[in-house]
Amino acid sequence: TRITFFVKNSTTKIKMKTPNNILAVKLSKTFVKGLLVLSLASLIPAGHAGDVTKANNANNLNLTTSWALGSVPGSGDVAVWDSTVGAANTTLLGADTEWSGIRIASPGGLVTISAGNTLTLDSAGIDMSSAGQNLTLANAVTLGTAQTWNVGTSRTLLMSGVLGGGAHLPTK
């Protein structure tokens, strides 16, 4: 399939050639600009971007360099340690931080967040249901909302920091 764009005056003509036929469509510049804006808008992260994957380093978690795509997780995001992290990973928050949750999937070793700041966890809680490694939280943790913590068989979640937010005790 080949798509060709022709721009003439205030209309854009799109000609698409497929093996069986040719489809030609005329569109106004305004329509094409609107379509372009919508396409670009879909690339901009929303307030809840979803999973944010940890990069293979020990940089503080409040730095963009600590995350695989250069974006620090926020209150609507789940911080994920997966196979991108190739060995045991000990790091610091670097600042008080709020995430929707943490998921430990398949990093190359134990994940440790050392003492120093407070992590507020919201509705996604802690998911270690398919974890290949353990998680140690030496930092203070505040529960921002009711949440579920799921620790898989033969896995350990060790908390040695202060746990706050007693109105929102985790389930499971």
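So, here is what we can say about the structure in this document. (Residues numbered from 1 in each chain as written. Predicted model: local features only at pLDDT ≥ 70, side-chain atom pairs only at ≥ 80, totals over all residues. Heavy atoms only, no water.)

### What about the nonpolar core?
Note the cut-off: For this analysis, a nonpolar core means a set of buried residues of the types Ala, Val, Leu, Ile, Met, Phe, Trp, Tyr and Cys, connected via side-chain atoms within 4.5 Å. Here's how the labels work: a residue is buried when its accessible area is under 20% of the maximum for its type, exposed when over 50%, partly exposed in between, all with a 1.4 Å probe on protein chains only. In this text, helices come from DSSP runs of H or I with a minimum length of four residues, and strands from runs of E with a minimum of two, each type numbered from the N-terminal end. It only takes one pair of heavy atoms within 4.5 Å for two residues to be counted as in contact.
Of all hydrophobic cores here, the largest spans 22 residues; its most connected members are W81, W99, I102, I104 and L135. For this core, the secondary-structure elements that each account for two or more residues are β5 (77–81), β7 (97–104), β8 (111–113), β9 (118–128), β10 (135–137) and β11 (140–143). Sort the elements by how many residues they give to this core and β9 lands first, with four residues. If near-sequence neighbours (up to four positions away) are discounted, I104 is found in contact with W81, V111, D127, M128, S130, A131, Q133 and L135.

### As for the pattern of salt bridges
Formally: Any carboxyl oxygen of Asp or Glu that lies within 4 Å of a side-chain nitrogen of Lys or Arg is treated as forming a salt bridge with it.
A full pass over the atoms with the stated rule returns one salt bridge. Notably, a salt bridge pairs D51 with R103, separated by 2.6 Å at the nearest N-O pair. A residue pair is termed long-range when its members are at least 10 positions apart, and D51 in strand β4 (residues 50–53) and R103 in strand β7 qualify at 52 residues. On the accessibility criterion, D51 (45% relative accessible area) is partly exposed.

### Overview of the environment of L158
Tracing the backbone through its elements, the reader meets L158 in strand β13 (residues 157–159). For the pair L158 and T112, spaced 46 residues apart in the sequence, the C-alpha separation amounts to 9.3 Å. L158 has contacts with L135, T136 and L137, leaving out every residue within four places of it along the chain.

### Description of the side chain of Q147
The condition that has to hold: Whenever two N or O atoms come within 3.5 Å, that pair is a polar contact, provided that in protein one can donate a hydrogen and the other can accept it, and provided that, for residues adjacent in sequence, both atoms are side-chain atoms.
Turning to its location among the elements, Q147 is positioned in the loop between β11 and β12 (149–151). From its side chain, Q147 meets the backbone oxygen of L121 in a polar contact 2.9 Å long. A polar contact is formed between the side chain of Q147 and the backbone oxygen of T145, at a distance of 2.9 Å.

### Structural notes on the packing of aromatic side chains
Heads up, the condition is: Ring pairs are drawn from Phe, Tyr and Trp, using the six-membered ring of Trp, whenever the two centres fall within 6.5 Å, and their geometry is named by plane angle: stacked under 30 degrees, edge-to-face over 60, tilted for the rest.
According to the stated counting rule, one finds three aromatic pairs in the structure shown. Ring geometry for W67 and W81: centres 5.8 Å apart, planes at 70°, overall edge-to-face. Linking W67 in the loop between β4 and β5 with W81 in strand β5, this pair joins segments that are 14 residues apart in sequence. Both residues of the pair, W67 and W81, count as buried. When the centroid spacing of 5.9 Å and the interplanar angle of 90° are considered together, the rings of W67 and W99 count as edge-to-face. Of this pair, W67 sits in the loop between β4 and β5 while W99 is found in strand β7, placing the two residues 32 residues apart along the sequence. Exposure remark for W99: the relative accessible area of 0% places this residue in the buried category. Following the ring pairs from residue to residue traces out a cluster consisting of W67, W81 and W99.

Function cannot be read off these values alone, since they describe shape.
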